[in-house]
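A structural walkthrough
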Amino acid sequence: MADRLSAEARRQVLGGLPGWSEVQGRDAIGKTFIFKDFNEAFGFMTRAALAAEKMDHHPEWRNVYKTVEVVLSTHDAGGVTALDVALAKTMNAIAG
Ligand code: H2B
């Protein structure tokens, strides 16, 4: 399992992850994706779910209509690891 990133490493990777920021009150990163409509939002979730399953690393997320709120943390490590960074990058690429 990957190691938790230090606060400094977390800040550095967030600099290269557009739209992602630290979640207040816990060791996690989050982003709110807003799409054109529900179809686009759910299409994103479908593709992201398949990518997450392949990585064996899964998001916490919530969908309301065209908005998808994502929180990433490595539960086994109790915080943000390289796995979360990889999934965040993949999600940005999927969202386009
Ligand atoms: N997803 C996330 N976000 N954190 C984990 O620690 C995690 C996971 N662990 N997906 C994986 C599955 C683990 O439970 C399996 C057994 O590999």
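Residues numbered from 1 in each chain as written. Predicted model: local features only at pLDDT ≥ 70, side-chain atom pairs only at ≥ 80, totals over all residues. Heavy atoms only, no water.

The line we're drawing: UniProt positions are given in the numbering used here, feature names are shortened, and annotations may be inferred rather than shown by experiment.
Where an unreviewed UniProt entry is consulted, the chain appears under the name Putative pterin-4-alpha-carbinolamine dehydratase, with the organism given as Bradyrhizobium shewense. Regarding the chain, the UniProt comment filed under Sequence similarities (unreviewed entry) reads as follows: "Belongs to the pterin-4-alpha-carbinolamine dehydratase family." UniProt, in the comment section headed Catalytic activity (unreviewed entry), describes the chain in these words: "(4aS,6R)-4a-hydroxy-L-erythro-5,6,7,8-tetrahydrobiopterin = (6R)-L-erythro-6,7-dihydrobiopterin + H2O".

**Section: helix H2 (residues 38-55)**
Each turn of an α-helix holds 3.6 residues, which means side chains three or four residues apart point in the same direction. Note the following rule: Going along the chain from the N terminus, every DSSP run of H or I of four or more residues is numbered as a helix, and every run of E of two or more is numbered as a strand. How far a helix is expected to stretch is found by multiplying one less than its residue total by 1.5 Å. We call a residue buried when its accessible area falls under 20% of the maximum for its residue type, exposed when it is over 50%, and partly exposed in between, using a 1.4 Å probe and counting protein chains only. We call two residues in contact when some of their heavy atoms are within 4.5 Å. In the analysis that follows, any N or O atom pair within 3.5 Å is treated as a polar contact, provided that within protein one partner can donate a hydrogen and the other can accept it, and provided that, for residues neighboring in sequence, both atoms belong to side chains.
Here H2 is 18 residues long and its end C-alpha atoms lie 25 Å apart, about the 26 Å a rise of 1.5 Å per residue gives. For H2, every residue scored as buried is listed here: Ala 41, Gly 43, Phe 44, Met 45, Ala 48, Ala 51 and Ala 52. Buried residues along H2 sit in contact with strand E2 (29-34), strand E3 (60-64), strand E4 (67-72) and helix H3 (82-95). One side-chain oxygen of the residue at the start of H2 lies 3.3 Å from the amide nitrogen of Asn 39, identifying that residue as Asp 37.

**Things to note about the environment of Gly 30**
Along the chain, the position of Gly 30 falls in strand E2. Separated by 43 residues in sequence, Gly 30 and Ser 73 have C-alpha atoms that sit 9.0 Å apart. Sequence-distant contacts of Gly 30, that is, excluding residues within four places in its chain, are made with Gly 19, Trp 20, Ser 21, Val 23, Val 70 and Val 71.

**Notes on the sheet that holds E3**
Short version of the rule: Between any two strands, pairing holds if DSSP finds at least two bridges. To obtain an axis, a line is fitted to C-alpha atoms, over the contacting stretch when the element is a helix, and the angle between two such axes runs from 0 to 180 degrees between their N-to-C directions.
A sheet is described by the order of its strands in space; here four strands give the open sequence E1-E2-E4-E3, paired in antiparallel fashion. Single-partner strands in this sheet number two, and they are strand E1 (21-22) and E3. Alignment of E1 against E2, held across two bridges, turns out to be antiparallel. If you follow Ser 21 over to E2, its bridge partner there is Gly 30. In the packing of H2 onto the sheet, contacts are made with E2, E3 and E4, and the angle to E3 comes to roughly 160 degrees. Its contacts with the sheet put H3 on E2, E3 and E4, and the angle it makes with E2 is roughly 10 degrees.

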